[in-house]
Amino acid sequence: MLYYIISGILVLGILYGINLMSKVGTARLGNYLSAVCTALAIVVTLYKYELFAKIWLYVFMGAGLVMGLILAKTVKMIEMPQTVAVLNGFGGLASALVSIIAINEGNTANDFATYTAALALVIGLATFLGSMVAAGKLHKILPQKPIVLRAHSLITNFFIVLSVVSVCIIKKTVWSAAIFSSLFGIVFSIRVGGADMPITISLLNSLSGVAGGIAGIAIYDPLLTAAGGIVGASGLILTQIMCKAMNRKLSDILLGKTSVLSSSDTQEETPIEEVKEEI
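Draft legend 1. Fine view of the overall build of the protein. Counting secondary structure elements, the protein contains 11 helices and 0 strands. In the protein, the order of α-helices and β-strands from amino to carboxyl end is α-α-α-α-α-α-α-α-α-α-α. Evaluated residue by residue, the protein yields a buried proportion of 40% over its 279 residues. Of all intrachain contacts in the protein linking residues separated by at least 6 positions in sequence, the fraction that spans at least 24 positions is 73%. Element-wise, carbon and sulfur atoms account for 70% of the exposed surface of the protein, whose accessible area totals about 15900 Å².

Structure, rendered in structure tokens:
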């Protein structure tokens, strides 16, 4: 009972921190509050599952802390969109790893939990690969222009269908689900142009939260479920705000309509540097 009470308080703290971040004067306080509540949520989780004695856990947490501090000190503000994309991607990957472990080690008690974990796996890996492509485009590692394959929409839908089928028979095709969802994430993101990529990153941010929330359902962890739901909802709200601010329709971006230029269209795409400065 104490675990649920503490979890509820921490979740409310995160929500209140997000509310404070919506105003310039209290944004820094809100960021600190949400960060502290999230850190305490990690400590509570370690206590609940009796993980304090796992030495390797501290090694990896320390490595993550060092990497985070380095990023905080070295990343320029103009590079923040691709940094957010990378962080979104690792969030999706974490949810996918939780799902894989839950499925392979039999930690899911029934079919509902198994299929839920499979769904988290698919969404998490699609988010991870899609976010890595988005970050690569924004950082000019990959071409910023839309990359359109022949029958691109058909290929995208094909990978979606294969991912869904793999989820339905997940007990035999866990790796198939991982492969097809990863391919979907790549094919989805390469079609989006650099000017529309910030909106895509916001959407992937939402999906990383959705994957975390579903993974929490699969392993019966209410704190993870609530935190994932918060990230998913706030990311979707941000996506809607950015679509409105950039005069875009989310459906058009998902289908590649605003990003893909026809061969006869000589209009150039908005430089990504200008978009970052506007954001």
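Continuing now.
Draft legend 2. Representation of unusual backbone geometry. A positive phi angle is found at Glu-50, which is not glycine, with a value near 55 degrees. Structurally, Glu-50 can be placed in the loop between helix 2 (27-48) and helix 3 (55-74). Within the chain, Lys-140 stands out as a residue other than glycine whose phi angle is a positive 65 degrees. Mapped onto the secondary structure, Lys-140 falls in the loop between helix 5 (111-138) and helix 6 (152-168).

Draft legend 3. Region of the structure containing the pattern of salt bridges. Under the definition given, this model contains 1 salt bridge. With a closest N to O distance of 2.4 Å, Arg-248 and Asp-196 form a salt bridge. Of this pair, Arg-248 sits in the loop between helix 9 (222-245) and helix 10 (250-255) while Asp-196 sits in the loop between helix 7 (174-190) and helix 8 (197-218), and the two are 52 residues apart along the sequence. Here Asp-196 falls in the buried class, since its relative accessible area comes to 1%.

Draft legend 4. Representation of the side chain of Ser-34. Along the chain, the position of Ser-34 falls in helix 2. With a relative accessible area of 9%, Ser-34 lands in the buried category. In terms of polar contacts, Ser-34 uses its side chain to reach the backbone carbonyl oxygen of Ile-14, at 3.3 Å. The contact partners of Ser-34, leaving out residues within four places of it in the chain, are Gly-13, Ile-14, Gly-17, Ile-18 and Met-21.

Draft legend 5. Seen up close, helix 8. Here helix 8 spans 31 Å end to end across 22 residues, near enough to the 32 Å set by a 1.5 Å rise per residue. Most of helix 8 sits inside the fold, with 19 of its 22 residues counted as buried. Once helix 8 ends, the next one or two residues include Tyr-220, with phi positive near 60 degrees.

Draft legend 6. The packing of aromatic side chains, seen in detail. One pass over the full model with this rule turns up 5 aromatic pairs. For the ring pair Phe-90 and Phe-128, a centre distance of 6.1 Å and an interplane angle of 50 degrees mean the geometry is tilted. In this pair, Phe-90 sits in helix 4 (residues 80-104) while Phe-128 sits in helix 5, placing the two residues 38 residues apart along the sequence. Residue classification places Phe-90 among the partly exposed residues on the basis of a relative accessible area of 45%.

Draft legend 7. Quick peek at the nonpolar core. Residues Ile-103, Leu-121 and Leu-125 are the most contacted members of the largest nonpolar core, which totals 13 residues. Elements supplying a minimum of two residues to this core: helix 4, helix 5 and helix 7. The element that contributes the greatest number of residues to this core is helix 5, accounting for 5 residues. If we ignore the near neighbours within four places in the chain, the residues touching Leu-121 are Ala-96, Ser-99, Ile-100, Val-174, Ala-177, Ala-178 and Ser-181. Counting 9 residues, the second-largest nonpolar core is a separate cluster that includes Ile-14, Cys-37, Val-44 and Ile-230.

Draft legend 8. Molecular detail of the side chain of Ser-131. Within the secondary structure, Ser-131 sits in helix 5. Within the structure, Ser-131 has its side chain in polar contact with the backbone oxygen of Thr-127 (distance 2.7 Å). Excluding residues within four positions of it along the chain, Ser-131 makes contact with Ala-85, Asn-88, Gly-89 and Leu-204.

Procedures and definitions
- Residues numbered from 1 in each chain as written.
- Predicted model: local features only at pLDDT ≥ 70, side-chain atom pairs only at ≥ 80, totals over all residues.
- Heavy atoms only, no water.
- Helix = DSSP H or I, 4+ residues; strand = E, 2+ residues; numbered from the N terminus.
- Buried < 20%, exposed > 50% of the residue type's maximum accessible area, 1.4 Å probe, protein only.
- Contact = heavy atoms within 4.5 Å.
- Areas by Shrake-Rupley, 256 points an atom, 1.4 Å probe, with all protein chains shown as cover.
- Salt bridge = Lys/Arg side-chain N within 4 Å of Asp/Glu carboxyl O.
- Polar contact = N/O pair within 3.5 Å; in protein donor to acceptor, adjacent residues only side chain to side chain.
- Expected span 1.5 Å × (residues − 1).
- Phe/Tyr/Trp six-rings, centres within 6.5 Å; stacked < 30°, edge-to-face > 60°.
- Core = buried A, V, L, I, M, F, W, Y, C linked by side-chain atoms within 4.5 Å.

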